[in-house]
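For reference, the chains in residue letters:
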Amino acid sequence: TQLQSLPDGPPLVAALAGSVIQLSTLAYVWQSYSSARDCLEDPLKCLLHPLNADPFGRTVVYVVAFALVMWLVSLRTMPSKGTSDPSIVDRLWSIMPWIYTWHWCVAGEFKPRLLIMTCLATGWGVRLTTNFWIKGGFSGGEDYRWVIVRHWYPGWQWEVFNLMFICLFQQCAILAFSVPAVTALQSDSPLGWLDAVASGLYVLLVIGEAVADLQMLRYQTEKYRRKAAGEEPGAYARGFIETGLWAYSRHPNYFCEVTMWWAFYLFSVPATGKWLNWTIWGPIFLSGLFILPGASLDITEALSSRKYPDFKDYQRRVSKFVPMPPRGKNA
């Protein structure tokens, strides 16, 4: 019943077209403006002789191959559940970026800027992976939002969406928002003030995301403890958190998650000498995954507004994404 009451998602053709356009954009940019050109022109040679290939080029080729293998692995649940398992990408989200950056860091013999970026990405990844583990993300099951998307695209449509968007596009998007580290691999420019700004912003946003996740965890833990114990809900009666960072943004964790990769992009500016360079597509596409119509934020909001009667009041008072002072109750 709850699924039936949710708004329809974009048509499958539109969703697939978006995936193809973004994948094509990345392929064109990486072919035309990065060192991956040779590997993209002869991917088989790169697969067979990776040690002789460009570090970024071999990463691109292996990521695409891995995404296809991941799709095949996701089909393992077809006999038992009648559908593929999309949760693999969720479990890899916080792991792949620091694997990529460490690979490039070793290839670059630990260049200072690249080492800083690698340590930052590793700190983010370990923290987020730990949070995902605490929430039971590695114990089976799938993100509740995939249930909604599967409802949009039933049967064979879901399997095509799983291949094109979940496996191929999302894996390439993860690589894309990590690639500013490639500019540090390929640059010998000295560290400067913008590196310090980027480092400070990235750390601040990692802390902000950690605080938001901790506040949510504590809220949900206490809410369900009271419910199980038969106690009065008290301040938890409305059912959703609206204190701490959540008083200023309805999704402060997502805001920090998206914005920190824009801070990561800032490292590419002194590395390339250009404020706009070929690595900017990563944070652009990452932003789209969260804030475009019908994206992650909209699905979450649609579910919450139907589950909690008072959520519309919260939506009226508190900014959806960018933290802002809350509006008055009569606003």
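Please read these numbers as outputs of a predicted model, since none were measured by experiment. (Residues numbered from 1 in each chain as written. Predicted model: local features only at pLDDT ≥ 70, side-chain atom pairs only at ≥ 80, totals over all residues. Heavy atoms only, no water.)

**Some details on the overall build of the protein**
When you go through the protein residue by residue, the secondary structure sums to 18 helices and 0 strands. Taking 331 residues into account, the globule formula puts the C-alpha radius of gyration at 20 Å, and the protein, at 21 Å, falls close to it. Expressed along its principal axes, the backbone C-alpha trace of the protein runs to roughly 65 × 50 × 35 Å. A total of 331 residues make up the protein; the buried ones form 49% of that total. Long-range pairs, those at least 24 residues apart, make up 73% of the contacts in the protein between residues at least 6 apart in sequence. (Helix = DSSP H or I, 4+ residues; strand = E, 2+ residues; numbered from the N terminus. Rg over C-alpha atoms; globule rule 2.2 N^0.38 Å. Buried < 20%, exposed > 50% of the residue type's maximum accessible area, 1.4 Å probe, protein only. Contact = heavy atoms within 4.5 Å.)

**Regarding the pattern of salt bridges**
Inspection of the entire model under this criterion finds 18 salt bridges. Linking Glu-142 and Arg-150 is a salt bridge whose minimum nitrogen-to-oxygen distance equals 2.8 Å. Given the relative accessible area of 31%, Glu-142 is considered partly exposed. Looking at Arg-150, the relative accessible area reads 18%, which means it is buried. Overlapping salt bridges, with partners in common, bring together Arg-238, Glu-242, Asp-310, Asp-313, Arg-316 and Arg-317 in one network. (Salt bridge = Lys/Arg side-chain N within 4 Å of Asp/Glu carboxyl O.)

**Quick word on the nonpolar core**
Core analysis: the biggest nonpolar cluster contains 74 residues, and Trp-30, Phe-56, Trp-104, Phe-161 and Tyr-202 have the highest contact counts within it. For this core, the element with the highest residue contribution is helix α11 (residues 156–178), accounting for 14 residues. Sequence-distant contacts of Trp-30, defined by excluding residues within four places in its chain, comprise Ala-36, Arg-37, Leu-40, Phe-56, Val-60, Cys-172, Leu-175, Ala-176, Val-179 and Trp-278. In terms of nonpolar packing, the next biggest core, distinct from the first, is built from 10 residues, Ile-241, Tyr-308, Phe-311 and Val-318 among them. (Core = buried A, V, L, I, M, F, W, Y, C linked by side-chain atoms within 4.5 Å.)

**Some remarks on the packing of aromatic side chains**
Taken as a whole and assessed by the stated rule, the structure comprises 29 aromatic pairs. Summarising the aromatic geometry, the rings of Tyr-100 and Trp-104 are spaced 6.1 Å apart at their centres and angled 25° between planes, so their arrangement reads as stacked. Residue Tyr-100 and its partner Trp-104 are located together in helix α8 (residues 96–107), separated by 4 residues, close to a single helical turn. Look at Tyr-202 and Phe-264: their rings are 5.8 Å apart centre to centre, the planes differ by 50°, and that puts the pair in the tilted class. Taken together, the residues span a long stretch of sequence, with Tyr-202 in helix α13 (residues 193–229) and Phe-264 in helix α14 (residues 252–266) at a distance of 62 residues. (Phe/Tyr/Trp six-rings, centres within 6.5 Å; stacked < 30°, edge-to-face > 60°.)

**With respect to the state of the cysteines**
In the structure shown here, the tally under the stated rule is 0 disulfides. Not part of a disulfide, Cys-172 finds its nearest cysteine sulfur in Cys-167, a span of 11 Å. (Disulfide = S-S within 2.5 Å.)

**Observations concerning the packing of α14 against helix α16 (residues 281–291)**
Contact geometry of α14 with α16 gives a least axis separation of 9 Å together with a crossing angle of 175°. By the angle between their directions, the pair α14 and α16 is classed as roughly antiparallel. Across from Tyr-254, Glu-257, Val-258, Trp-261, Trp-262 and Tyr-265 in α14, the residues of α16 making contact are Pro-283, Ile-284, Leu-286, Ser-287 and Phe-290. For the contact of α14 with α16, the class distribution of residues is 9 nonpolar, 1 polar and 1 charged. (Axes fitted to C-alpha atoms, helices over the stretch in contact; angles between N-to-C directions. Parallel < 35°, antiparallel > 145°, perpendicular 65-115°, else oblique. Nonpolar A, V, L, I, M, F, W, Y, C, P; charged D, E, K, R; others polar.)

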